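Below, each chain spelled out in residue letters.
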Amino acid sequence: SHSLDRSERAPRRAPAPASRVFLKRVGPNGHMGGASMPSIIPDPGLPPAVEPITAPIETDEVSYTVDAGTVIYATDIIQVFNGWNDTITVNRTVWLDSNNVYGWFFGGNRPTILNNGLIYLHAKNIAELSPKADYLVNTGSIYSISDSGTARVINSDVLPVYVENSGLIAAQSLGID
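All of these numbers come straight from a predicted model, not from anything done at the bench.

Asks: Even after reading the chapter, I still don't get the pairing of strand S10 (residues 112-115), so can you show me in this structure?
Replies: Along any regular strand, the residues point their side chains to alternate faces of the sheet. Taking every second residue as pointing to the same face, both faces of S10 are buried, with Thr-112 and Leu-114 on one and Ile-113 and Asn-115 on the other. In this sheet, S10 lies alongside strand S7 (residues 87-90) in parallel orientation, the contact comprising 4 bridges. Directly across from Thr-89, in S10, lies its bridge partner Leu-114. Across 4 bridges, the pairing between S10 and strand S13 (residues 135-138) is parallel. Within S13, the position partnered with Thr-112 by the bridge is Tyr-135.

Asks: Could you clarify how one ought to interpret the environment of Asp-43 in this entry?
Replies: You can see Asp-43 is positioned in the loop between strand S2 (35-42) and strand S3 (57-59). By relative accessible area, which is 25% here, Asp-43 ends up partly exposed. Along the primary structure Asp-43 and Tyr-143 are separated by 100 residues, whereas in three dimensions their C-alpha atoms are 9.5 Å apart. In terms of polar contacts, Asp-43 uses its side chain to reach the backbone amide nitrogen of Gly-45, at 2.8 Å.

Asks: Mind showing me how you'd approach unusual backbone geometry here?
Replies: Trans peptide bonds make up the majority, and among non-glycine residues the majority have a negative phi. The backbone phi angle of Asn-85 is positive, close to 55 degrees, even though this residue is not glycine. Positionally, Asn-85 belongs in the loop between strand S6 (79-83) and S7. Residue Arg-110 is not a glycine yet carries a positive backbone phi of 50 degrees.

Asks: Is there a simple way to think about the pattern of salt bridges in this case?
Replies: Side chains that differ in charge, positive against negative, can pair when their charged atoms come close. Inspection of every chain in the model, using the stated rule, returns 2 salt bridges. Its salt-bridge partner being Arg-110, residue Asp-134 comes within 2.6 Å of it at the nearest N-O pair. Pair noted here: Asp-134 is in the loop between strand S12 (126-128) and S13 and Arg-110 is in the loop between strand S9 (102-106) and S10, with a separation of 24 residues, a long-range link. For Asp-134, a relative accessible area of 2% gives the class buried. The class of Arg-110 is partly exposed, set by a relative accessible area of 22%. Glu-128 is the partner of Arg-152 in a salt bridge, and the nearest nitrogen-oxygen pair spans 2.9 Å. Note that Arg-152 is positioned in the loop between strand S15 (150-151) and strand S16 (162-165) and Glu-128 in strand S12, a separation of 24 residues in sequence. The class of Arg-152 is partly exposed, set by a relative accessible area of 26%.

Asks: Mind showing me how you'd approach a nonpolar patch on the surface here?
Replies: Taken together, the side chains of Leu-159, Val-161, Val-163 and Ile-169 present a nonpolar region at the surface, about 330 Å² in accessible area. By secondary structure assignment, the location of Leu-159 is in the loop between S15 and S16. For Leu-159, a relative accessible area of 69% corresponds to the exposed category.

Asks: Which parts of the structure should I look at to understand the sheet that holds S3?
Replies: Pairing between the strands of a sheet comes from backbone hydrogen bonds, and it takes one of two forms, parallel or antiparallel. The strand order across the open sheet formed by 5 strands is S3-S6-S9-S12-S15, and the pairing between neighbours is parallel. At either end of the open sheet lies a strand with only one pairing partner, and these are S3 and S15. Of the pairings in the sheet, the one linking S6 to S9 comprises 2 bridges and is parallel in character. If you follow Gln-79 over to S9, its bridge partner there is Trp-104.

Asks: Would you mind going over the nonpolar core with me for this structure?
Replies: Within soluble globular proteins, side chains that are nonpolar generally end up buried alongside one another. Residues Phe-81, Val-94, Phe-105, Ile-119 and Leu-129 are the most contacted members of the largest nonpolar core, which totals 23 residues. At the level of secondary structure, the elements contributing two or more residues to this core comprise strand S5 (71-74), S6, S7, strand S8 (93-97), S9 and strand S11 (118-123). The dominant element in this core, judged by the number of residues it contributes, is S11, at 3 residues. Beyond its immediate chain neighbours, meaning those up to four positions away, Phe-105 contacts Val-80, Phe-81, Ile-88, Val-90, Val-94, Ile-113, Ile-119, Leu-121, Glu-128 and Leu-129. Ranked by size, the runner-up nonpolar core spans 9 residues in total, among them Tyr-73, Trp-95, Ala-170 and Leu-174.

Definitions and cut-offs
Residues numbered from 1 in each chain as written. Predicted model: local features only at pLDDT ≥ 70, side-chain atom pairs only at ≥ 80, totals over all residues. Heavy atoms only, no water. Buried < 20%, exposed > 50% of the residue type's maximum accessible area, 1.4 Å probe, protein only. Helix = DSSP H or I, 4+ residues; strand = E, 2+ residues; numbered from the N terminus. Pairing = 2+ DSSP bridges. Polar contact = N/O pair within 3.5 Å; in protein donor to acceptor, adjacent residues only side chain to side chain. Salt bridge = Lys/Arg side-chain N within 4 Å of Asp/Glu carboxyl O. Patch = residues over 30% accessible without salt bridge, like charges linked within 9 Å, V, L, I, M, F, W, Y side chains within 5 Å. Areas by Shrake-Rupley, 256 points an atom, 1.4 Å probe, with all protein chains shown as cover. Core = buried A, V, L, I, M, F, W, Y, C linked by side-chain atoms within 4.5 Å. Contact = heavy atoms within 4.5 Å.

Written as structure tokens, this is what we have:
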């Protein structure tokens, strides 16, 4: 069984104010093209200027922390982390801009995700934290963007799901065919 240990929760902090918004072109039938319409989703900024990782990070330990000075950037993989019942803490940036069908933050089973930084996920069809996530505490920003399919942050096959949020959680399907 998976216990919900309140001592694992990250301290709360206010999210940074949004200074920009995404602009997408939406035509008369809702598809891309036509006049610019502002989105309610704040702009996450530009992709990190670091070399992308080429394979998922295997989290064989009980926990893995992305320190405040660390940026993880990935482009040609479907998941950033892979493991089993791990706790992943993000204190800076994890950015996945995948050209694949799927784009997952964690590809293993039942992660505990503690986000105090920025998690950005983009994929062609399905973008989400994990298909098996059941515990999320977010005080930072999480973006889940798909080109034409499902954009969701947490939709677990495992119930119950615990979510505590005092930050930004944004999901958007762009409707690109």
